[in-house]
Amino acid sequence: MPATDPATSARMRAQRRRDTAPELALRRELHRRGVRYFVDRAPMKGVRRRADLVFPRRKVAVYVDGCFWHSCPQHATFPKNNAEWWAEKLAGNVTRDRDTDTRLADAGWTVVRIWEHENPVAAADRVEHVLDDGDARPR
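In this report, the structure presented in the accompanying data block is examined.

Calculation rules
- Residues numbered from 1 in each chain as written.
- Predicted model: local features only at pLDDT ≥ 70, side-chain atom pairs only at ≥ 80, totals over all residues.
- Heavy atoms only, no water.
- Helix = DSSP H or I, 4+ residues; strand = E, 2+ residues; numbered from the N terminus.
- Contact = heavy atoms within 4.5 Å.
- Pairing = 2+ DSSP bridges.
- Axes fitted to C-alpha atoms, helices over the stretch in contact; angles between N-to-C directions.
- Buried < 20%, exposed > 50% of the residue type's maximum accessible area, 1.4 Å probe, protein only.

## Some remarks on the side chain of Glu 29
And step 1. As for its position among the elements, Glu 29 is in helix H2 (residues 21-32).
And step 2. Dropping the residues within four chain positions of it, Glu 29 is found in contact with Pro 120, Val 121 and Ala 124.

## Structural notes on the sheet that holds strand E3 (residues 60-65)
And step 1. With respect to topology, 4 strands assemble into an open sheet ordered E1-E2-E3-E4, the strand pairing being mixed. Two strands close off the open sheet at either side, each with one partner strand: strand E1 (38-41) and strand E4 (110-115). Strand-to-strand, the axes of this sheet are offset by a mean angle of 30 degrees, without reference to chain direction.
And step 2. As judged from the 6 bridges shared by E3 and E4, these two strands associate in the parallel manner. Among the inter-strand pairings, Val 62 is bridged to a residue of E4, identified as Val 112.
And step 3. Where helix H3 (residues 83-106) meets the sheet, its contacts fall on E3 and E4, and the angle it forms with E4 comes to roughly 150 degrees.

## Topic: the pairing of E3
And step 1. When you tally the buried positions in E3, you get 6 out of 6 residues, the bulk of the element.
And step 2. Residues Val 60, Val 62 and Val 64 of E3 are buried on one face, and the alternating residues Ala 61, Tyr 63 and Asp 65, pointing to the opposite face, are buried as well.
And step 3. As paired elements, strand E2 (residues 51-55) and E3 share 3 bridges and run antiparallel to each other. Residue pairing across strands places Val 54 opposite Ala 61, the latter belonging to E3.
And step 4. Between E2 and E3, which pair antiparallel and follow one another directly, the connecting turn spans 4 residues, one of which, Lys 59, has a positive phi of 55 degrees.

Next up, the structure:
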């Protein structure tokens, strides 16, 4: 990675991999509804990509994606410094997300993708709908 200024480096180091505010809000809402789940767990063996919430018996994996890191169609931003490196990095994240979705779907899992900006009540509704419905399509 090209040199980055110290302030940006510090900001990137401070980024949490788990327990982000949007994740916690979704978890609180689901827990309030009596829905129980595993946190920060690989959905299946052989796929080293951890889901934010996992429902192994229902084969449902939930990912709460950050708008920056996963290139949200509404809120994505692209850094001007090291622009080419960041464009490749963020495109790689999206490619990995789609590959994860495909691998899990091929193994009979349902993947629910929630954007960090989504209302946690509406997001919990989507998760509950998948859990109740057993709908096997990625969302």
